[in-house]
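What follows is the residue order along each chain.
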Amino acid sequence: MTASARDSKAPERARGLRDSLLPAALLVVGLAGAIVAALWIERNPRPAQLVPAEERLYVSGAAAKRMSLAFNAIIADWYWMRALQYVGRRAVEHKNVRIDNLSELDLKLLAPLLDTASTLDPKFMAVYEYGAVVLPAVSDQDEDEQAIALLRKGIEANPGAWRLYHHLGYIYWQRGDYKAAGEAYGKGSALAGAPAWMKGMEANMLARGSSIQLAREIYTRMREQSEDEQVKVFAAYRLAQLDSLEERAIITRILSAYNARTGGRCPASWREISTEVRAAGLRVDSSGSPVDPTNYPYMLADKGCSVDLHPESKIPRR
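Observations concerning the nonpolar core
Okay, step 1: Counting residues in each nonpolar core, the largest one holds 64 residues, and the members touching the most others are L110, L114, Y170 and W173.
Okay, step 2: If we skip the residues at most four places from it in the chain, L110 touches A83, Y86, V87, Y130, V134 and L135.
Okay, step 3: In terms of nonpolar packing, the next biggest core, distinct from the first, is built from 13 residues, I251, Y258, L282 and V307 among them.

This is the structure in structure tokens:
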């Protein structure tokens, strides 16, 4: 090949090199942007001395989305992990935190963290499911509304996700708004792929909204159908709570019968009614005390006239 021919090929080689390097360069720049965003957030935490009313998110969802460029999913994962760590740290700081009441943890940043994660990755289903079960447990009407807003945001971004309607119906059911709960289940049941029981839940909400049987069905479906392991654990604890309520109802009847049989006296220990407890099919420990579904012994209360959970029991109290 002559020198002039080689020279004529040079512009083509340059264009080819440029075209091959451009995607790589964009990838490097995008990744660098994601790293910068994560480092900035990491190095600018909220001051520890701020009171809850003054807490602010590190950056807004929209700002994080701009900073992360094409790596939204990576930063969404980072925010998701931050949310889990945030709850975990607060739980470690408090003893005997119950899954049904997280108000003492003061989780003011949880909703913004979950909202940012869902802004960065609108298809991140675990974010919506986790928010649906944890935010209402903060025991504040505002958190209920934030959970509902998060789920409606998820439904808008994922119109075919029937599970989100299940969680929305669950929140309304917890609030005692059985009409709204039924409507949520009804809308979800109309989606492609929705199981038949979603339609049944719509009718059940109006017919037996406050029944234990319906509660058991809701938590059973949640445990079976959720894609998030933490939601499954939450549902399992709620099912254990329902089992415990039934066990305590049996024990209460045994105590009432003993009271009537002894002329108004209540047992001083479980040994006095151990025969009746065993005959009722309740599990007992080596000392003869009946145990709850998390294997903690029930306690005699009110001088032996009633039954209560052990102080360290994992069963939700409400």
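Moving on from the coordinates now.
Regarding the packing of aromatic side chains
Aromatic ring pairs: the centre-centre distance and the angle between the two ring planes describe each pair.
Okay, step 1: Taken as a whole and judged by the stated rule, the model has nine aromatic pairs.
Okay, step 2: With centroids separated by 5.9 Å and ring planes inclined at 75°, the aromatic side chains of W173 and Y219 adopt a geometry described as edge-to-face. Residue W173 is located in helix α7 (residues 162-174), and its partner Y219 is located in helix α10 (residues 212-225); the two are separated by 46 residues in the primary sequence.
Okay, step 3: Put simply, the rings of Y170, W173, Y219 and F234 touch in pairs and so form one group of aromatic residues.

Thoughts on the pattern of salt bridges
Okay, step 1: All told, the structure shown has twelve salt bridges when counted by the stated rule.
Okay, step 2: The closest approach of N and O atoms between D115 and K153, which form a salt bridge, is 2.9 Å. Remark: K153 occurs in helix α6 (residues 141-157) and D115 occurs in helix α4 (residues 110-120); sequence separation between them is 38 residues.
Okay, step 3: For D115, a relative accessible area of 33% gives the class partly exposed.
Okay, step 4: Among the salt bridges present, the one from R216 reaches D243, with a minimum N-O distance of 3.0 Å. Taken together, the residues R216 in helix α10 and D243 in helix α11 (residues 229-261) connect sequence positions 27 residues apart.
Okay, step 5: Of the residues examined, R216 reaches a relative accessible area of 25% and is grouped as partly exposed.
Okay, step 6: A cluster of three or more residues bridged by salt bridges with shared partners is formed by D144, E145 and R175.

Rules and cut-offs
Counting restarts for each chain, with residues numbered from 1 along the sequence as it is written. Selection of residues for local features in this predicted model requires a pLDDT of at least 70, selection of side-chain atom pairs for listing and counting requires 80 or more, and totals for whole chains, interfaces and linings are taken over all residues. Hydrogens and water are ignored here; the side-chain numbers use all heavy atoms of the structure. Nine residue types can take part in a nonpolar core, namely buried Ala, Val, Leu, Ile, Met, Phe, Trp, Tyr and Cys, and a core is a set of them joined through side-chain atoms within 4.5 Å. Each residue's exposure class comes from its accessible area (1.4 Å probe, protein chains only) as a fraction of the maximum for that residue type: buried when under 20%, exposed when over 50%, partly exposed otherwise. Whether two residues are in contact is decided by their heavy atoms, any of which lying within 4.5 Å being enough. When the centres of two rings from Phe, Tyr and Trp lie within 6.5 Å, Trp using its six-membered ring, the rings pair. Their planes under 30 degrees apart give stacked, over 60 give edge-to-face, and anything left gives tilted. Helix and strand definitions here come from DSSP, where helices need a minimum of 4 consecutive H or I residues and strands a minimum of 2 consecutive E residues; each element is numbered from the N-terminal end. Between Lys or Arg on one side and Asp or Glu on the other, a salt bridge is scored when a side-chain nitrogen of the former is within 4 Å of a carboxyl oxygen of the latter.

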